[in-house]
Number of protein chains: 2
Amino acid sequence: MEMIKIAVAGYGNLGRGIELAVRQNEDMELTAVFTRRDPKSVKLLTEGVPVYSLDDAPKHKDEADVLILCGGSANDLPVQTPELARYFNVIDSFDTHARIPEHFANVDKASKESGHLAFISLGWDPGLFSLNRLYAETILPKGKSYTFWGKGVSQGHSDAIRRVKGVKRGIQYTCPIDDAIEQVRNGSQPDLTARQMHKRECFVVAEEGADKAAIENEIKSMKNYFDRYDTSVSFITEEEFEREHSAMPHGGFVIRSGLTGDNEQTPQRIEYSLTLGSNPEFTGSVLIAFARAMKRLTDMGQTGCKTIFDIPPAYLSPLSGQQLRELML
Amino acid sequence: MEMIKIAVAGYGNLGRGIELAVRQNEDMELTAVFTRRDPKSVKLLTEGVPVYSLDDAPKHKDEADVLILCGGSANDLPVQTPELARYFNVIDSFDTHARIPEHFANVDKASKESGHLAFISLGWDPGLFSLNRLYAETILPKGKSYTFWGKGVSQGHSDAIRRVKGVKRGIQYTCPIDDAIEQVRNGSQPDLTARQMHKRECFVVAEEGADKAAIENEIKSMKNYFDRYDTSVSFITEEEFEREHSAMPHGGFVIRSGLTGDNEQTPQRIEYSLTLGSNPEFTGSVLIAFARAMKRLTDMGQTGCKTIFDIPPAYLSPLSGQQLRELML
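Residues numbered from 1 in each chain as written. Chains lettered and ligands numbered in written order. Predicted model: local features only at pLDDT ≥ 70, side-chain atom pairs only at ≥ 80, totals over all residues. Heavy atoms only, no water.

**Student:** How would you sum up the pairing of strand E13 (residues 266-276) of chain B? Please name residues and give values.
**Tutor:** Counting buried residues in E13 of chain B gives nine out of eleven residues, a clear majority hidden from the surface. With nine bridges connecting them, strand E13 (residues 266-276) of chain A and E13 of chain B associate as antiparallel partners. Across the sheet, the residue bridging to leucine 274 of chain A is isoleucine 270 of chain B, located in E13 of chain B. As paired elements, strand E12 (residues 250-260) of chain B and E13 of chain B share eleven bridges and run antiparallel to each other. (Buried < 20%, exposed > 50% of the residue type's maximum accessible area, 1.4 Å probe, protein only. Helix = DSSP H or I, 4+ residues; strand = E, 2+ residues; numbered from the N terminus. Pairing = 2+ DSSP bridges.)

**Student:** Which residues make up the pattern of salt bridges, and what values do they have?
**Tutor:** All names here are of chain A. Under the criterion given, the structure shown has 50 salt bridges over all chains. With a shortest N-O distance of 3.4 Å, glutamate 238 and arginine 169 are connected by a salt bridge. One end of the pair, glutamate 238, is in helix H9 (residues 238-244); the other, arginine 169, is in strand E9 (residues 167-176), with 69 residues separating them in the sequence. On the basis of relative accessible area, glutamate 238 is assigned to the partly exposed category, the value being 24%. A salt bridge links lysine 295 to aspartate 299; the nearest nitrogen and oxygen atoms lie 3.0 Å apart. You can see lysine 295 and its partner aspartate 299 sitting in helix H10 (residues 279-299), four residues apart, about one turn around the helix. For aspartate 299, a relative accessible area of 56% corresponds to the exposed category. It is possible to trace a salt-bridge network through shared partners that takes in Lys168, Arg169, Glu238 and Glu242. (Salt bridge = Lys/Arg side-chain N within 4 Å of Asp/Glu carboxyl O.)

**Student:** Outline empty space enclosed by the protein, listing residues and values.
**Tutor:** Scanning the model with the defined rule gives one cavity of 30 Å³ or more in all. The computed volume of the largest cavity comes to approximately 60 Å³. Those elements that place two or more of their residues in the lining of the largest cavity are helix H4 (128-139) of chain A together with helix H4 (128-139) of chain B. Of the residues assigned to the lining of the largest cavity, the class counts are eight nonpolar, two polar and no charged. (1 Å grid on protein atoms, 1.4 Å probe; cavity = no way out; pocket = protein on both sides within 12 Å on 5 of 7 lines; lining within 4 Å. Points joined across faces, edges and corners; volume = space filled by probe spheres on them. Nonpolar A, V, L, I, M, F, W, Y, C, P; charged D, E, K, R; others polar.)

**Student:** Quick one: what's the story with helix H10 (residues 279-299) of chain B, residue by residue and with numbers?
**Tutor:** Residue and element names in this part refer to chain B. Relative to the 30 Å expected for 21 residues at 1.5 Å per residue, H10 spans 31 Å between its end C-alpha atoms, a close match to the ideal helical length. Judged by how many residues are buried, H10 sits mostly within the fold: 17 of 21 residues are covered. Taking the backbone nitrogen of glutamate 281 as reference, a side-chain oxygen 3.1 Å away marks serine 278 as the first, capping residue of H10. Of the residues one or two after H10, glycine 301 is the one with positive phi, at around 90 degrees. (Expected span 1.5 Å × (residues − 1). Polar contact = N/O pair within 3.5 Å; in protein donor to acceptor, adjacent residues only side chain to side chain.)

**Student:** Tell me about the sheet that holds strand E10 (residues 198-206) of chain A, residues and numbers included.
**Tutor:** All names here are of chain A. Taken in spatial order, the four strands line up as E8-E9-E10-E11 in an open sheet, and their pairing is mixed. The open sheet has two edge strands, strand E8 (152-153) and strand E11 (230-235), and neither has a second partner. Against the sheet, helix H5 (residues 155-162) contacts E8, E9 and E10, and its axis sits at roughly 145 degrees relative to E9. Across the sheet, helix H8 (residues 212-220) touches E9, E10 and E11, and the angle it forms with E11 is around 150 degrees. (Contact = heavy atoms within 4.5 Å. Axes fitted to C-alpha atoms, helices over the stretch in contact; angles between N-to-C directions.)

Below, the structure written as structure tokens:
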């Protein structure tokens, strides 16, 4: 069996999630990790895989079939993905929804010019949730779609908490509201406000002597982040923070509530849900499955930028078309 | 806008479901119905659509972009799909799992020889459930998959009931067992027997003077159909049968319970569920979405037989790639 060679740029939670996912797939191997840190300081879980400086990535372009970029969407990926698409077939999980068209155009141009293939905005949202929105909305054109997230950690909201004066450590969980999910499931197609769909639970370790009432007030009234939601703030010890809040669970639901039939009165519901013990490990697993599709499509000579919408599902699986028809159809 | 011309072969529950789905899609029109009955006896819901004898279908091959076949998997489709693929681009919902490879080969040969495109085994199972098994099993290779059906009417089991002596009318509902679903959701990856996953509820109108105890006993001990399940048999009046059992609800769940991470101890769950007010109306809606993909792929010159695994999701939607990236990713 020819192994699919995977390289990773950035070795944080997601990079490690990818490394762990590679181990679960017999046709994959991790062949390089690129980092902005001192390569000598990076200790992988996998023996014998070289760690290089990200600046040297172009020199190692022949060491990977697919390079997966693990940087942030705000500053890293808009630069890194088009740049590295000049040397590698690349996958990213760019998640700034409003800037996807611009990012797509940049990556498409770079990858076409260099003869590489690129997948952007892969993961679960954007990614699997987007895919389910597409299938469900196309199959049930008369209806309404709802996306609920959580219970899970929002990185952006956690960062916002940590910028508040007097906060030593902080984490924020986005929680879907059960009553809203029930209303959607029963087919009533409600109009729901942000506050009706999600609540926000914050856990904070305060600096010694900090004004906790002021911290709570500043968090709850923070524009865009918290003011439109019911938010709770709990002050805990650093020990409890370490013990209870270091896992990275997440998940959510995409629900399409539609109507079919004569006079459009027959209720139909499609629901997709994820319950994730670890967000980065799951996201890594998604990216690795699409890396296999990327290898197949590059073997067929495809280039340019694609999204999850463009990729035939069969290419993700290690099974052949015939095996898939026999075992999974 | 160029309309996609849809023809239907067979005008029963599924044929009518397709007709109703066409109405919900602005880029589609129903252009012909083929029937084995006397065409004059078939009254459509849509004005002005011609009804032809199925034997005359080849004469009307230029009147449809896509012909959707609504016959049965046991006897009709194995003959009809390859035969009509000589004249049309065809879609069927062939659901005899064990015979899919043989059916695929026959349809592939016929459609390639005639330069047409064919999609087989489309709907929700096989179909959307198969698709979700593929994505979920590929993303979480270490894990276990479960498919639960219902609550919904099983046509095969209802037919079996109706063959029992003394049964005037009968219907069977397949019901998933809540406790089994809970066990799967909590991540324990149980081994479940058929009896542990589903129960069977039968409603029977007995002939006058029939031996009800004998009917109940014969149903419950029927090999393969009922003997491996907990089965209930309720005798009801014909009026109640008409009133309570003429809708065709169905649905089910595909659940993948997987493990990721160092030592593979992180639970991850992917769940897809359908709650359908009408099985044939929903199936019709699925087939119509794939008819759009078929039109796009035939415009690109593709021929031969494909399944849901081979079709890039974007082709199902009336939106352009750019619109999908802006609105749905």
